[in-house]
Amino acid sequence: QLTLVESGGGLVQPGGSLRLSCAASGDDLRGYIIGWFRQVPGQGREEVSCINLGGSYVKYADSVKDRFTFSRDDAKNTAFLQMNGLKSEDTAVYYCAVSYYVADRPTQCPMDEMYYWGKGTLVTVSS
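Here we summarise the structure given alongside this text. (Residues numbered from 1 in each chain as written. Predicted model: local features only at pLDDT ≥ 70, side-chain atom pairs only at ≥ 80, totals over all residues. Heavy atoms only, no water.)

Description of the overall build of the protein
The condition is simple: Put simply, DSSP H or I for four residues or longer makes a helix, DSSP E for two residues or longer makes a strand, and each gets a number counted from the N terminus. Residue contacts are defined here by distance: any two heavy atoms, one from each residue, within 4.5 Å place the two residues in contact. With residues, only the protein chains shown are counted as cover, and all accessible areas are computed by Shrake-Rupley using a 1.4 Å probe. Here the positive residues are Lys and Arg and the negative ones are Asp and Glu; neither His nor the chain ends is included. For this purpose, a charge sits on NZ of Lys, CZ of Arg, CG of Asp or CD of Glu.
Scanning the protein from N- to C-terminus turns up zero helices and 11 strands. When the helices and strands of the protein are placed in sequence order, the string is β-β-β-β-β-β-β-β-β-β-β. Taking the principal axes of its C-alpha atoms as reference, the protein extends roughly 45 × 25 × 25 Å. For the protein, the share of sequence-separated contacts (at least 6 apart) that also reach a separation of at least 24 residues comes to 60%. Accessible surface, the protein as shown: approximately 6,600 Å² in total, 47% of it carbon and sulfur. Counting 12 positive and 14 negative side-chain charges, the protein places the centres of these two groups 4 Å from one another.

Structure, rendered in structure tokens:
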């Protein structure tokens, strides 16, 4: 059983930065594709970023590209989301989730295929 715990959320002013962490236990994170997602109450959950095994490829939603950086440290069984230049539109609960690697399939994080989810951490961007 893999358990994921997000941390690092909080209140930040527009233009500020936060670093979110996703700590895994119960299994080795290195065996999974990892995704970050976010959700505003009353709205649907959306994909923020997705990273492949080994961390050599990352894709980002257009809304966060060039501002957010997704990385993984498999030796520490932890993934990170560095969030810079935060905007009010980034306010949401942020979740990490993982999916099993599928050979010969391009790296992707379909929401309905993410097998394990954390409980989320709240990011509030406000002046």
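Regarding the environment of L2
Mapped onto the fold, L2 is located in the segment before β1 (3-7). For the pair L2 and D28, spaced 26 residues apart in sequence, the C-alpha separation works out to 8.2 Å. Every residue in contact with L2, bar those within four places of it in the chain, is listed here: A24, S25, D27, Y32, V98 and Y116.

A look at empty space enclosed by the protein
Just so we agree on the cut-off: Only protein atoms enter the calculation, which uses a 1 Å grid: trapped sets of points that fit a 1.4 Å probe without letting it out are cavities, open sets showing protein on both sides within 12 Å along at least five of seven lines are pockets, and any residue with an atom within 4 Å of a point is a lining residue. Grid points are joined across faces, edges and corners, and a volume is the space filled by probe spheres set on the points. The classification used treats Ala, Val, Leu, Ile, Met, Phe, Trp, Tyr, Cys and Pro as nonpolar, Asp, Glu, Lys and Arg as charged, and all other residues, Gly among them, as polar.
Using the criterion set out here, one finds one cavity of 30 Å³ or more in the structure. Around the largest cavity, the lining residues are I33, Y101, V102, R105, P106, T107 and Q108. For the lining of the largest cavity, the per-class residue count stands at four nonpolar, two polar and one charged.

Topic: the pattern of salt bridges
Our working definition: A pair is scored as a salt bridge if a Lys or Arg side-chain nitrogen falls within 4 Å of a carboxyl oxygen belonging to Asp or Glu. Buried, partly exposed and exposed residues are distinguished by accessible area as a fraction of the type maximum, computed with a 1.4 Å probe on protein chains only: under 20%, between the cut-offs, and over 50%, respectively.
Overall, the coordinates contain seven salt bridges when judged by the stated rule. Between E46 and R38 there is a salt bridge; the shortest N-O distance is 2.9 Å. Looking at R38, the relative accessible area reads 6%, which means it is buried.

Re the nonpolar core
We apply this condition: To form a nonpolar core, buried Ala, Val, Leu, Ile, Met, Phe, Trp, Tyr and Cys residues must be joined to one another through side-chain atoms within 4.5 Å.
Core analysis: the biggest nonpolar cluster contains 27 residues, and L4, W36, F68, L81, M83, Y94 and V98 have the highest contact counts within it. Put simply, the parts of the chain that give this core at least two residues each are β3 (18-25), β4 (32-39), β5 (46-51), β7 (68-73), β8 (78-83), β9 (92-100) and β11 (121-125). Apart from the residues lying within four places of it in its own chain, the contact partners of M83 are G16, S17, L18, L20, R67, F68, Y94 and V123. Counting residues in each nonpolar core, the second largest holds six residues, with I33, F37, C109 and M114 among its members.

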